[in-house]
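Here's the letter readout for the chains.
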Amino acid sequence: MSQSLFARFQPIAAIATTPKAIQTLQPLCQSTNATLFVPESLSNLPNVQTYTGSLKKHIASIWSEYRAFVFCMATGAVVRLIASLIEDKSRDPAVIATDQDGYFVNSLCSGHQGGADELTRLIAHQLGATPVLTGASTSLGLPGIDILGLPFGWCKGSGDWTGVSAAISRGETIQVIQEVGSTLWQDNLPEGHSFYFGFEEFNESISPQARIWISTTKRQFASDTKLPKVQWHPRVLWVGIGCERGTSRKLIEEAIAQVCTRYHLATDAIAGLATIELKADEVGILDYCRDRNFPLKIFNAEMLCQVNVPNPSSIVEQEVGTPSVAEAAAIVASQASSLIVPKQIIKLDGEPGAVTVAIALSDLEYTGRTGQLLLVGTGPGNLDQITPAAKVAITGADAIIGYSLYLDLIESLLRPGQIIESLPITQERQRAQRAIELAQWGLTVAVVSSGDCGIYGMAGLVMEELQAKGWDGKVPKVEVFPGITAVIAAASRVGTPLMHDFCTISLSDLLTPWEVIEKRLEAAAVGDFVTALYNPRSQTRTQQIVIAQQIFLKYRHPNTPVAIVQSAYRPDEQITLTTLEEMLEYSIDMLTTVLIGNCSTRTYADWIITPRGYLTATSDQ
Ligand code: SAH
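Everything quoted here is computed from the prediction, not taken from an experiment.

Trainee: Would you take a moment to explain the overall build of the chain for this structure?
Mentor: The secondary structure content of the chain amounts to 19 helices and 30 strands. Each principal axis of the C-alpha distribution contributes one length, and for the chain these read about 95 × 65 × 60 Å. For the chain, contacts bridging at least 24 residues in sequence account for 66% of all contacts bridging at least 6. Put simply, the chain shows about 29000 Å² of open surface, and 50% of that area lies on carbon and sulfur atoms. Here the chain carries 46 positive and 62 negative side-chain charges, and the mean point of each set is 4 Å from the other.

Trainee: Looking at this structure, I do not really get helix H6 (residues 161-169). What am I missing?
Mentor: In an α-helix, one turn spans 3.6 residues; hence positions three or four apart end up facing the same way. Among all positions in H6, only Trp161, Gly163, Val164, Ala167 and Ile168 are buried. Angularly, the buried residues of H6 cover 165° about the axis, an arc narrow enough to put them on a single face. Each element contacted by the buried residues of H6 is listed here: helix H5 (136-140), strand E8 (155-159), strand E9 (174-178), strand E10 (195-197), strand E11 (210-214) and strand E12 (229-233).

Trainee: How do you make sense of the packing of helix H4 (residues 116-127) against helix H13 (residues 388-396) when you look at a structure like this?
Mentor: The relative placement of two packed helices comes down to the angle between their axes together with the axis-to-axis distance. Look at H4 against H13: their axes get within 8 Å of each other, and the N-to-C directions meet at 160°. In this view, H4 runs roughly antiparallel relative to H13, as classed from their interaxial angle. Here H4 runs over H13; the crossing is right-handed. Contacts between H4 and H13 involve Glu118, Arg121, Leu122, His125 and Gln126 from the first element and Pro388, Lys391, Val392, Thr395 and Gly396 from the second. Tallied by class, residues from the contact of H4 with H13 come to three nonpolar, four polar and three charged.

Trainee: Explain unusual backbone geometry to me, please; I cannot follow it from the model alone.
Mentor: For residues other than glycine, phi is negative in most cases, and the peptide bonds are mostly trans. A cis amide bond, omega -10°, links Gln10 with the succeeding residue Pro11. Cis rather than trans, the peptide bond between Val475 and Pro476 has omega equal to -5°. One non-glycine residue with positive phi stands out, namely Tyr456, at about 45°. Inspection of the secondary structure assignment puts Tyr456 in the loop between strand E21 (444-449) and helix H16 (458-468). For Ala605, which is not glycine, the phi torsion reads 50° and is therefore positive.

Trainee: Any chance you could explain the domain arrangement of the chain here in plain terms?
Mentor: In many reports, interface size means the accessible area that the parts give up when they come together. With domains assigned, the chain is organised as domain 1 (3-134), domain 2 (150-233), domain 3 (237-361), domain 4 (372-484) and domain 5 (493-609). Relative to domain 4, the C-alpha centre of domain 2 lies at a distance of 31 Å. At the interface, five residues of domain 2 touch nine residues of domain 4. For the pair domain 2 and domain 4, the summed buried surface comes to about 550 Å²; carbon and sulfur atoms form 67% of the total. Considering only the side of domain 2, the residues that lose the most area to domain 4 are Pro151, Leu184 and Asn188, jointly responsible for 75% of the buried surface there. Seen at the junction of domain 2 and domain 4, the total is zero salt bridges.

Trainee: Is there a simple way to think about the sheet that holds strand E22 (residues 477-481) in this case?
Mentor: Two modes of strand pairing occur in sheets, parallel and antiparallel, and in both the strands are linked by backbone hydrogen bonds. The strand order E20-E19-E21-E18-E22 describes an open sheet built from five strands, whose pairing is parallel. Sheet topology places strand E20 (419-422) and E22 at the edges, where each strand pairs with a single neighbour. On average, adjacent strands in this sheet sit at an angle of 20° to one another, irrespective of strand direction. Running over the sheet, H13 touches strand E18 (372-377), strand E19 (399-402), E21 and E22 and is turned about 135° from E18.

Trainee: How should I be thinking about the site of the ligand in this particular structure?
Mentor: The full set close to the ligand counts 19 residues, and Ile455, Thr485, Met590, Thr592 and Thr593 are the nearest of them. Contacts to the ligand include Thr485, whose side-chain N or O atom sits 2.7 Å from an oxygen atom. Here Ala486 contributes a backbone N or O atom positioned 2.9 Å from an oxygen atom of the ligand. In isolation the ligand exposes 540 Å². Once the protein is present, 93% of that is buried. Grouping the constituent residues of the shell around the ligand by class yields 10 nonpolar, seven polar and two charged. Mapping the shell around the ligand onto the domain boundaries places at least three of its residues in each of domain 4 (372-484) and domain 5 (493-609).

Trainee: Could you clarify how one ought to interpret helix H1 (residues 19-32) in this entry?
Mentor: In this model H1 runs 20 Å from its N-terminal to its C-terminal C-alpha over 14 residues, within 8% of the 20 Å that 1.5 Å per residue would give. Bending of H1 peaks at approximately 30° at the position of Leu25, with proline Pro27 no more than four residues after it. Within the sequence span of H1, burial applies to Ala21, Ile22, Thr24, Leu25, Leu28, Cys29, Ser31 and Thr32. Buried residues in H1 make contact with strand E1 (12-16), strand E2 (35-39), strand E4 (68-72) and H4. Residue Asn33 follows H1 closely and has a positive phi angle near 65°.

Trainee: Could you clarify how one ought to interpret the packing of aromatic side chains in this entry?
Mentor: The description of two aromatic rings rests on the distance between their centres and on the angle between their planes. Enumeration over the complete set of coordinates arrives at 14 aromatic pairs. Taken together, a centroid distance of 6.2 Å and an interplanar angle of 65° make the contact between Trp154 and Trp232 edge-to-face. In this pair, Trp154 is assigned in the loop between H5 and E8 and Trp232 in strand E12, connecting sequence segments 78 residues apart. The residues Trp154 and Trp232 share a single accessibility class, namely buried. An aromatic cluster of at least three residues, connected via ring pairs, comprises Phe37, Trp63, Tyr66, Phe69 and Phe71. Across the ring face of Trp213, the terminal group of Arg219 is positioned such that the distance to the ring centre comes to 3.4 Å. Note that Arg493 overlies the ring of Tyr569, its terminal NZ or CZ placed 5.3 Å from the centroid.

Trainee: Explanation requested: the pairing of strand E17 (residues 351-361) in the structure shown.
Mentor: Sheet faces and side chains relate simply in a regular strand, where the side chains alternate between the two faces. Burial analysis of E17 places eight of its 11 residues in the buried class, which makes it a mostly covered element. Of the strand pairs in this sheet, strand E13 (residues 237-243) and E17 are connected by seven bridges, and their pairing is antiparallel. In the sheet register, Cys243 faces E17, and the bridge partner there is Val355. Pairing of strand E16 (residues 339-348) with E17 involves six bridges; the strand directions are antiparallel.

Trainee: What is the right way to look at the environment of Ser31 in this model?
Mentor: Mapped onto the elements of the fold, Ser31 is located in helix H1. A polar contact of 3.2 Å, which involves the side chain of Ser31, links it to the side chain of Gln126.

Trainee: What is the right way to look at the packing of H1 against H4 in this model?
Mentor: For the pair H1 and H4, the least separation of the axes is 10 Å and the interaxial angle reads 115°. As for the relative orientation of H1 and H4, their crossing is right-handed in sense. Where H1 abuts H4, its residues Thr24, Leu28 and Ser31 lie against Ile123, Gln126 and Leu127. Its residues assigned to classes, the contact of H1 with H4 comprises three nonpolar, three polar and no charged.

Trainee: I keep staring at the nonpolar core and nothing clicks. Help me out?
Mentor: Nonpolar side chains in soluble globular proteins tend to end up buried together. Among the nonpolar cores identified, the biggest contains 44 residues, and Leu25, Leu36 and Val376 are the most heavily contacted of them. Setting aside anything within four residues of it in sequence, one finds Leu25 in contact with Ala14, Ile15, Ala16, Leu36, Val70 and Cys72. Leu184, Trp185, Trp441 and Val478 belong to the second-largest nonpolar core, a separate cluster that totals 40 residues.

The rules we used
- Residues numbered from 1 in each chain as written.
- Predicted model: local features only at pLDDT ≥ 70, side-chain atom pairs only at ≥ 80, totals over all residues.
- Heavy atoms only, no water.
- Helix = DSSP H or I, 4+ residues; strand = E, 2+ residues; numbered from the N terminus.
- Contact = heavy atoms within 4.5 Å.
- Areas by Shrake-Rupley, 256 points an atom, 1.4 Å probe, with all protein chains shown as cover.
- Lys, Arg positive; Asp, Glu negative; His and termini not counted.
- Charge placed at Lys NZ, Arg CZ, Asp CG, Glu CD.
- Buried < 20%, exposed > 50% of the residue type's maximum accessible area, 1.4 Å probe, protein only.
- Arc of directions from axis to C-beta.
- Axes fitted to C-alpha atoms, helices over the stretch in contact; angles between N-to-C directions.
- Parallel < 35°, antiparallel > 145°, perpendicular 65-115°, else oblique.
- Left-handed = near helix turned anticlockwise from the far one by under 90°.
- Nonpolar A, V, L, I, M, F, W, Y, C, P; charged D, E, K, R; others polar.
- Domains from an automatic or database assignment.
- Buried area = accessible area lost by both parts, 1.4 Å probe.
- Salt bridge = Lys/Arg side-chain N within 4 Å of Asp/Glu carboxyl O.
- Pairing = 2+ DSSP bridges.
- Near = heavy atom within 4 Å.
- Polar contact = N/O pair within 3.5 Å; in protein donor to acceptor, adjacent residues only side chain to side chain.
- Expected span 1.5 Å × (residues − 1).
- Bend = angle between axes of the 7 residues up to and from the residue.
- Phe/Tyr/Trp six-rings, centres within 6.5 Å; stacked < 30°, edge-to-face > 60°.
- Lys NZ or Arg CZ within 6 Å of the ring centre and 35° of its normal.
- Core = buried A, V, L, I, M, F, W, Y, C linked by side-chain atoms within 4.5 Å.

Here it is as C-alpha cells:
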C-alpha cells in the first residue's frame, strides 16, 4: 500500500454525490485512507459516511477538520461550495476536483503550501489520470519558492512571498544568497532557470528582480523597497544550555530569544537544544522543548569535559564535573568545531534562576522529519508496465536514487524540486548507502530498480546495508513496491511458458561462486523446472551460458523450446523462439532473459505453451 505517502495530507475528505463518482473515489479512498462522504440517498454503500441536507453546509461544518478535500464533481460546483470558506493560502486545506470518469485531477486551491499540487500528482497516478496543475512554477519545472525548504525542514521566514513568486514566474533574474543548509535543491534545478547564486554585485545587465535569503539571520525587510525579498531558515543552530535548578520555562525562552536578537539570529533557525545529563529532567527546559518541538540532546560530563571551549569555568567544573555545559554541549550537538555565540548568562528581574546559552552552527540542518525508504520496482521498460503504487512512490519521494538508464525511463514521473541522484551501474553499494544516509537525515527516498526491486535489484542491497548499520527495523521506515520482473515480462511476450513450476537463475558469478550457480542449474534441470536465466552473458562472461546449455541438454530434449527475449517492453525489444540445441546461435546479452521450457513445454505458431495439465487430467486437481 502506498498509504504512508498520503500520510502528510491526512485527514483527507473525499466527496461524491453520484453513484459513478463513488465508484471512481472508492478505490482511491482505500489507498489514501480518505473518508468518503456521500448524500443520504446513497448511504446504502459500504465504507461511506453520509451527510444530510445541503452539501454546502456539510462542507462548511467539516472545513477546518480536514487538511485536504477531494471532490468528484464539476469544478464550477466545487468553486461555489468553497468560495465563502477560503481564507488564506497559508492555512486553507488542499482542494482537488476530479471528473466522474477519473480522467483528470485538478489542483484547485492551496497548490503549494496546502500541498494540493503534490496530492494531485499522487492521486492522478493512483487513478491513472492526468494531473491538471496550472501554477506557473510547475510549468517552469521549479519547486514553489514558498515550499522550497519543506523537504529539509527549513522554516519559512518573513518576506514578500507573492512578490518573489511573481518575479520567478515571469522568468526574471532571482538572486539567491544561501549561507547555510543543504544545497541539494540547487543541483536539481532545470536547465535555463533564472536563479543566480552568490553575493557578487550584479552588473547592470543582470540586476536581480527578487532576492531569496537562506540563512540563520532574521532580516527585517523594508516594505517600500522595489526588490521583493524572502527568507528561509534552515535549522542549523544548536543551542547549548545550562541553568540553575528550577529555572522557569519563561526565563529559558526569554534567554534564548534575547541571545538570538542580540546576534540577529532567527529562532526559527534553531535545530534543538543540548545540555548535560544532570539537566535531563529540568522541567523548564523540557517544557520549552516540547512546546517548540525541539529535540533535546543530552551529554554526560565526561564527554563535555573533553571539548575545547572559549570560556571554561572552574566553578562549573567543581559543581558538575565539566568546565563547560552550554558551550561544550552546543559544540558536541552541532558537530561543529567552534561557536557562533559564546556563552551568555541571562537573568530576568522577578524570575528566579539564571540561564547560560551558547550557540553553534551545524553543517547539516536538522530536518525534524522521519525518513522513509521506498524500494521501488519500475517494471521491465515502458511505463505502462509499472504499478500505480510504484508511480505514486516515485512522484511522492523527496529524492530518487537509481541507475541512470532506469531514471531516464521514469523521467515523466518526476516532479520539480525532487533530488535525483544517478550512480553508475558499478556503484550499487554507494547507491544503497547514499539512500540510507538521506533517509536517516529525514527524506523520503525512492530507490528504483528495473523489473522488481527485490529480484537481483537494489532492494536487497539496501536491506543488507541497513542490517549492517544496526537498523531497528522501523526507522527509517521501509516499504517495498513490487514490479514486473524480467521473467514475467519475457514470458508474457511469448505466451504462457510459466504455467508450471519455474525458477530463475542468474548466471552472473560476480557475487555468487560459479560452483553454486552450476549446482542450481543442475538442480533446476533435474527437477524439470521451466528456467529463466538472468544476466546470461556479458562481454567478459561468455562461457556461463554455454555451460548452462550443456547442463540442460543432459536432462532435456534438444528440441525443448527456448525463448530469447531481449529488452522486453522497450523500444528495441527482440524476441527469438528457438530450441535448447540451437539457442547459442542467436544474440544473447545482458539485456536478455533466456527462458528454457520443461519437458512438456511446446511451441505453437509463434507461441510457447507449458501445459498445466488441464486437458490430460482425469479429475479436478
Ligand atoms: N531487478 C530486475 C533484474 C535485474 S538483473 C528484474 O526484476 O527484472 C538484470 C537482468 O535482468 C538482465 O541481465 C536480464 O537478464 C534481465 N532483464 C532485465 N530487464 C529485462 C528486459 N526488459 N528484457 C529482458 N530481460 C531483462
